[in-house]
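# Descriptive structure summary
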Amino acid sequence: MTRLAPDDRAEVLVVGGGIIGLVVAWRAARRGLGVTVLDPAPGGGAAQVAAGMLAPVTELQYGEEPLLRLGTASNARWADFAAELTEASGGLDTGYRQCGTLAVALDSDDREELRELHAFHRRLGLDSQWLTGREARRLEPMLAPGVRGGLHVTDDHQVDGRRLAAALVRACERAGVLLRRAEAAELLVEGDRATGVRLADGTVLAAGRVVLAAGSRSHLLPGLPPGVLPAIRPVKGQVLRLRVPPAYRPFLSRNVRAVVRGGHIYLVPRADGELVIGATTEEQGHDTTVTAGGVYELLRDAHELVPGLTELPLVETGAGLRPGSPDNAPLLGPTALPGLVAATGHYRNGVLLTPVTGDLLAEYLATGDVPELARPFSPHRFTKVPA
């Protein structure tokens, strides 16, 4: 039996209550729109595992120049965004920390790779400073003696993903967003237009527009017509959390990252003494099992980078799923199905891109115009439908 929900109809229905869905909802509500978020546990998802690096420069890979523009634009908004969110949430701190990032090389091959990356940065006009091994250890005395060199990027910072999610939930509630703690069973399409969703109990949530922000499960929503969204693959990342006792602080003063045996590793020190180590990259479907092998590899590589961390208490292990699009860039804006809007596929940049995603999607939802910054990330680039 089909029945309408008591709230009947929303102007905007956001399917997915992770940080991306929540920021879109909050920003849209601030623009005066009536918004409902549909998620069994708003504030959950990948943000509960993410280390929270805000690193558009040190995360940059060759061929990702369009994504760099989006990332740097979002990074530039983070300080004001964090302050506004803390106020809007009634005082909840996001853990935003302007600490910078140090990328280091542990052997001569890694040093040459880092040198090439530095040259790439310079060609793009990015601010990264080359350091000798001694200069890197002067900045971070806990680094291994064998560190051969490094790149210091003063504008790559961090935020606490868990605190960010909690603040967004509270800000949404205070802005009048309805948080519906349930799961979408089916996207409803009438007359070639998305009109809402049906819940498992048959309840219908009608909406003027539906925003699909369900991470790596976005394309799996029943009722979604074929070809509207590409497959969003889940990329598993295992993460460790250690505790730095007060007597050892500051253990590290900034984010530290390196390539060890061809694999990327990073250490993110929180102001409260937590040290986050991540992350593995595994393409194993929607599996979030923490494995002995994953924990071993992270500790082994982190020990080579910062030998003293093996003395720290290991307090938590976890695994999350990054939502990766076919080109590892997000899908932002209207899809080929009228009434359906995408906000997914952020891969390893979900936390970094939170402010700019909220701003761009809210602008589109309020005005109907796709902002210029969002156009390279239109879902139409996969469906071959003119934007």
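Described below are features of the structure shown in this document. Bear in mind that the values here come from a model prediction, so they are computed numbers and not experimental data. (Residues numbered from 1 in each chain as written. Predicted model: local features only at pLDDT ≥ 70, side-chain atom pairs only at ≥ 80, totals over all residues. Heavy atoms only, no water.)

### A few points about helix α1 (residues 19-30)
- Taking 1.5 Å as the rise per residue, α1 with twelve residues should run 16 Å; its terminal C-alpha atoms sit 16 Å apart, in good agreement.
- Counting buried positions along α1 yields eleven of twelve residues, so the element is predominantly enclosed.
- Listing the buried residues of α1 in full gives I19, I20, G21, L22, V23, V24, A25, W26, R27, A28 and A29.
- Just beyond α1, the residue with positive phi is G32, at close to 95°. (Helix = DSSP H or I, 4+ residues; strand = E, 2+ residues; numbered from the N terminus. Expected span 1.5 Å × (residues − 1). Buried < 20%, exposed > 50% of the residue type's maximum accessible area, 1.4 Å probe, protein only.)

### Side note on a negative patch on the surface
- Judged by side-chain charge, D107, D109, E112, E113 and E116 come together as a negatively charged surface patch.
- Its location among the elements puts E116 in helix α3 (residues 108-123). (Patch = residues over 30% accessible without salt bridge, like charges linked within 9 Å, V, L, I, M, F, W, Y side chains within 5 Å. Areas by Shrake-Rupley, 256 points an atom, 1.4 Å probe, with all protein chains shown as cover. Salt bridge = Lys/Arg side-chain N within 4 Å of Asp/Glu carboxyl O. Lys, Arg positive; Asp, Glu negative; His and termini not counted. Charge placed at Lys NZ, Arg CZ, Asp CG, Glu CD.)

### Examining the pattern of salt bridges
- Under the defined criterion, the tally for this structure stands at 24 salt bridges.
- In this structure, R27 engages E84 in a salt bridge whose closest nitrogen and oxygen atoms are separated by 2.9 Å. Of this pair, R27 sits in helix α1 while E84 sits in helix α2 (residues 65-88), and the two are 57 residues apart along the sequence.
- For the salt bridge of E283 with R233, the shortest nitrogen-to-oxygen distance reads 3.1 Å. Placement of E283 in the loop between β15 (274-278) and α6 (292-305) and of R233 in strand β12 (residues 233-243) is noted, with a sequence separation of 50 residues between them.
- Owing to a relative accessible area of 52%, E283 belongs among the exposed residues under this scheme.
- Among the charged side chains, a salt-bridge network with shared partners connects D93, D160, R162, R163, R241, R270, D272, E274 and E316.

### What about the packing of α2 against helix α5 (residues 161-174)?
- Running from N to C, α2 and α5 point in directions that differ by 55°, and their axes come no closer than 8 Å. In terms of orientation, α2 and α5 fall into the oblique class. In the crossing of α2 with α5, the sense of the turn from one axis to the other is left-handed. Across the interface between the two elements, W78, F81, L85, E87 and A88 from α2 touch L164, A167, L168, A171 and R174 from α5.
- Taken together, the residues of the contact of α2 with α5 sort by class into eight nonpolar, no polar and two charged. (Axes fitted to C-alpha atoms, helices over the stretch in contact; angles between N-to-C directions. Parallel < 35°, antiparallel > 145°, perpendicular 65-115°, else oblique. Left-handed = near helix turned anticlockwise from the far one by under 90°. Contact = heavy atoms within 4.5 Å. Nonpolar A, V, L, I, M, F, W, Y, C, P; charged D, E, K, R; others polar.)

### Re the packing of α2 against helix α7 (residues 354-367)
- One can describe the packing of α2 onto α7 by two numbers: an axis separation of 7 Å at closest approach and a directional angle of 95°. Here α2 lies roughly perpendicular to α7, going by the angle between them. In contact with L70, S74, R77, W78 and F81 of α2, α7 contributes T354, P355, V356, D359 and L360.

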